[in-house]
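Letter by letter, the chains look like this.
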Amino acid sequence: EGFNGHLYQYMYHRSMPGLSLTQQLLETTSYAEAWSQYSERLFALNCGSKFNSNDLVFDHANGIIFYALLFYLSVRVNYFGDRFIDAYRTFNGYFRISQDVFRKEYYNTFIVGNPFYGIPYAYGYARIVNLHDTARRALGKKYDQKAYDTQYLNYGPTYFNLLADRLDQWAKEQ
């Protein structure tokens, strides 16, 4: 997430001629987190024999489930009024930890202390994967991973609805 995600993306955007200073410095959280999660997935799927790809894919999937679960539990607790024990039982169905660790590390810190923390991660990742899959289907055999990723980054930090329109047009031009 760090090197191939945030660091690469930030440096890429900060070196783009013509990209406004606002876009260089104030990326939307969903956009930035989407790329970090997406690049983590790309690394896991394409790491070759140097690492165990299956383990990396599994670890990445766990991370996505974790953020989605935090988002879900935030809504359940802060909007619907679920109790601590309800949230713990749901969380514990996926990640087995003690109630004390859950309360301190996740419930107090994220679910109650920083409600909806997982939204930019869950939403951003869902959107970037959707954009990628849409382009891949549209391009068929013409699809090129590097060309797609370069095009995505070349638009600079922006909103997903704008990216969708631009990437659809790009795919039609290929």
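Parameters and conventions
- Residues numbered from 1 in each chain as written.
- Predicted model: local features only at pLDDT ≥ 70, side-chain atom pairs only at ≥ 80, totals over all residues.
- Heavy atoms only, no water.
- Helix = DSSP H or I, 4+ residues; strand = E, 2+ residues; numbered from the N terminus.
- Buried < 20%, exposed > 50% of the residue type's maximum accessible area, 1.4 Å probe, protein only.
- Contact = heavy atoms within 4.5 Å.
- Arc of directions from axis to C-beta.
- Salt bridge = Lys/Arg side-chain N within 4 Å of Asp/Glu carboxyl O.
- pLDDT = per-residue confidence, 0-100.
- Phe/Tyr/Trp six-rings, centres within 6.5 Å; stacked < 30°, edge-to-face > 60°.
- Lys NZ or Arg CZ within 6 Å of the ring centre and 35° of its normal.

(A) How the structure looks around the overall build of the protein chain. When you go through the protein chain residue by residue, the secondary structure sums to nine helices and zero strands. Helices and strands in the protein chain line up, N terminus first, as α-α-α-α-α-α-α-α-α. Structurally, the protein chain occupies a C-alpha span of about 55 × 40 × 30 Å along its principal axes. Relative to its full complement of 174 residues, the protein chain shows a buried share of 40%. For the protein chain, long-range pairs separated by at least 24 residues make up 63% of all intrachain contacts whose partners lie at least 6 apart in sequence.

(B) How the structure looks around helix α5 (residues 84-92). All buried positions along α5 are accounted for by Phe-84, Ala-87, Tyr-88, Phe-91 and Asn-92. Down the axis of α5, the buried set is contained in an arc of 125°. They therefore lie on one face. Summarising the contacts, the buried residues of α5 are in contact with α4 (53-78) and α6 (99-112).

(C) Geometry of the environment of Ala-171. Following the sequence through the fold, Ala-171 ends up in helix α9 (residues 160-173). In this structure Ala-171 comes out as buried when scored by relative accessible area, which is 12%. Measuring from C-alpha to C-alpha, the distance between Ala-171 and Leu-139 comes to 6.2 Å, with 32 residues separating the pair along the chain. With near-sequence residues (within four places) excluded, Ala-171 lies in contact with Ala-138 and Leu-139.

(D) Summary view of the environment of Ile-111. One can find Ile-111 in helix α6. Under the relative-accessibility criterion, Ile-111 is labelled buried at 0%. Sequence separation between Ile-111 and Ser-74 is 37 residues, and the spatial gap between their C-alpha atoms is 4.8 Å. With residues near it in sequence (within four places) discarded, Ile-111 still touches Leu-70, Leu-73, Ser-74, Val-77, Asn-78, Phe-102 and Tyr-106.

(E) Looking closely at the pattern of salt bridges. Throughout the structure, instances matching the rule amount to two salt bridges. One salt bridge in this structure joins Asp-82 and Arg-76, with 2.9 Å as the shortest N-O distance. The partner of Arg-83 in a salt bridge is Asp-86, and the shortest N-O contact between them spans 3.3 Å. Exposure remark for Asp-86: the relative accessible area of 25% places this residue in the partly exposed category.

(F) How the structure looks around the confidence of the model for the protein chain. Overall, the prediction assigns the protein chain a mean pLDDT of 86, with 95% of residues at 70 or greater. Per-element confidence in the protein chain is highest for α5, whose mean pLDDT is 97, and lowest for helix α1 (residues 2-14), whose mean pLDDT is 74.

(G) Quick look at the packing of aromatic side chains. Within the structure shown, the criterion is met by 26 aromatic pairs. Between the aromatic rings of Phe-91 and Phe-95, the centroid separation amounts to 5.4 Å while the plane-to-plane angle is 35°, which identifies the pairing as tilted. As far as burial versus exposure is concerned, Phe-91 and Phe-95 are alike and both buried. One aromatic cluster in this structure is built from Phe-66, Tyr-67, Phe-84, Tyr-88, Phe-91, Phe-95, Phe-102, Tyr-106, Tyr-107, Phe-110, Tyr-117 and Tyr-121. Seen from the ring of Phe-84, Arg-103 lies directly overhead, with NZ or CZ sitting 3.7 Å from the centre.

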